[in-house]
Every structure is written in C-alpha cells, then in structure tokens.
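# Observations on the model geometry
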Amino acid sequence: MAITFTDLHAESGLKSLDQHLSGKSYISGDQLSKDDIKVYAAVSEKPGAAFPNASKWYDFLSSQLAASFPGKAVGVRVGSKAAAVEAAPAKDTPAGDDDDDLDLFGDETEEEKKAAEEREAAKKKPSKKESGKSSVLLDVKPWDDETDMKKLEEAVRSVEMPGLFWGASKLVAVGYGIKKLQIMLTIVDDLVSVDTLIEDYLTAEPRNEYIQSCDIVAFNKI
C-alpha cells in the first residue's frame, strides 16, 4: 500500500512525516530506497527541532547524497505548487513512471566506479593463490645388473598422488652392465615434496626391492 505525504513544505506535512518516521530509519522497508529520495526531494529544507525524527532522517539522507555527489553545492531552491508525494514499493511503480528516470544514485563518480570494480575483482579472485609447478629430472638406480629395469620403472610410475605427473623416461648406462632409469616428472609445489617422494615412496618398501637410491639431477620452476 502506497504511503502518501502532502504539504511537506509546510508544518502540517512535516508533522505527518515526523510521526511516520517515529521508530523508523527509512520511509519504507529496512534500507535506503527511492521512496526516501522522493520524499527528501519534496522537503525544501531540513526540518526544525520540533520534528526530531524527520530531522534525523533528513541529516542521514543528506550525508548519503553528499557521498554520492562530492561536488560543492551552493544551495538551490525550487518553487512549485504543493503536490502530494507518494512513497510506494518499487514493485508497485508502473514501468513507465517518470520518477524511474530520475535515479539520484544512478550516476557514479570515477572513484565509486573504481571501488566497485575492485570489489568485483576481489570476489572473482581465488581465495588461495594458485601454487607454482616444478619440473624435476630424477635418476633412479637399481641394486645391480640383474635388476629388472622394466619392473623398476613400473614400480616408479605406480606412485600416484595429487600434484604428481610422471613424464618421459630412458635408460642410461652407468657401467659394468648396469643401467639407471632417468625419468622426468612435474610436481605442484604445494602438494608434492620430492624429498618425501624419494624417502617415503620410491626407496621404501615394496619398491626398494628394485630401487637402491634416487638422485635429483635437475629441478626447475615452471
């Protein structure tokens, strides 16, 4: 149901407004709306001490408008015939209402636009920074020349964990008929520790049946 105020330039209208605002912060609802702007525009000046509720509401609206319109005002008075001012919920306002064309909060300053963009960017920004990755070249050495290198590589690649990705590999001759496995891997730094990978997985049971030791040949950040 629409709320109607009349003669807001006169004492009788201000008294009606003051009574309406008793125990309230806004004309309608629990937050600032176009209803407040409409009524504010119809009040020619700040209500006096005789209207404490209306005066407090007027000061609050003035501070909100000052923040939205930082330019220096010299003071303007607009004379017109007294007319009723209706404050109604937005959903009851016809789509073609001329009042909708005047949105005092519609034009943002450059500072407000920048602040809004920064807030949107902050919302879209991941809560946790994406971890970096590293490329590692690993030497995996068998016990002797009788170690089955195919099974050794299968044992290495059987290690699976989040953030670990095995790459290309090759056998490299060491001497005396012994070969070592040289294998590439990519890790997510926050998820995988190469030292832990070697000590707790590759050179631990049951893989230590084939693997004697592991050495880091190269370690590069991606």
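Residues numbered from 1 in each chain as written. Predicted model: local features only at pLDDT ≥ 70, side-chain atom pairs only at ≥ 80, totals over all residues. Heavy atoms only, no water.

This is how the line gets drawn: UniProt positions are given in the numbering used here, feature names are shortened, and annotations may be inferred rather than shown by experiment.
Regarding the chain, the UniProt comment filed under Sequence similarities (unreviewed entry) reads as follows: "Belongs to the EF-1-beta/EF-1-delta family."

### A word on unusual backbone geometry
What counts is decided by this rule: Per the convention used, a helix needs a DSSP run of H or I reaching at least four residues, while a strand needs a run of E reaching at least two, with both numbered from the N terminus. Burial classes: relative accessible area under 20% of the type maximum marks a residue as buried, over 50% as exposed, and values in between as partly exposed (1.4 Å probe, protein chains only).
E205 connects to P206 through a cis peptide bond whose omega is 0°. Relative to the assigned elements, P206 resides in the loop between α6 (194–202) and β6 (211–221). Not every positive phi belongs to a glycine, and D7 is a case in point at roughly 55°. Tracing the backbone through its elements, the reader meets D7 in the loop between β1 (3–5) and α1 (11–20). We note that Y176 has phi near 55°; this positive angle belongs to a residue other than glycine. Inspection of the secondary structure puts Y176 in the loop between β4 (164–175) and β5 (178–188). Given the relative accessible area of 84%, Y176 is considered exposed.

### So, α1
Note the following rule: Working definition: the arc comes from the directions between the helix axis and the C-beta atoms, pointing outward to the latter.
All of the buried residues along α1 are G13, L14, L17, D18 and H20. The arc enclosing the buried residues of α1, seen along the axis, measures out at 160°, which places them on a common side. In α1, those exposed residues whose orientation departs by more than 90 degrees from the buried face are E11 and Q19.

### Brief notes about the packing of helix α2 (residues 34–42) against helix α3 (residues 52–68)
Inclusion rule: The convention used is that axes are lines fitted to C-alpha atoms, helices contributing only their stretch in contact, and that angles between N-to-C directions extend from 0 to 180 degrees. Geometric relationships in this document are graded by angle, where less than 35 degrees denotes roughly parallel, more than 145 denotes roughly antiparallel, 65 to 115 denotes roughly perpendicular, and other angles denote oblique. What makes two residues a contact is simply this: any of their non-hydrogen atoms within 4.5 Å. Under this grouping Gly is polar, as are all residues other than the nonpolar Ala, Val, Leu, Ile, Met, Phe, Trp, Tyr, Cys and Pro and the charged Asp, Glu, Lys and Arg.
At a closest axis distance of 11 Å, the pairing of α2 and α3 adopts a crossing angle of 105°. Classified by the interaxial angle, the pair formed by α2 and α3 is roughly perpendicular. Residues D36, I37, V39 and Y40 of α2 pack against W57, Y58, L61, S62 and L65 of α3. Along the lines of polarity and charge, the residues of the contact of α2 with α3 split into seven nonpolar, one polar and one charged.

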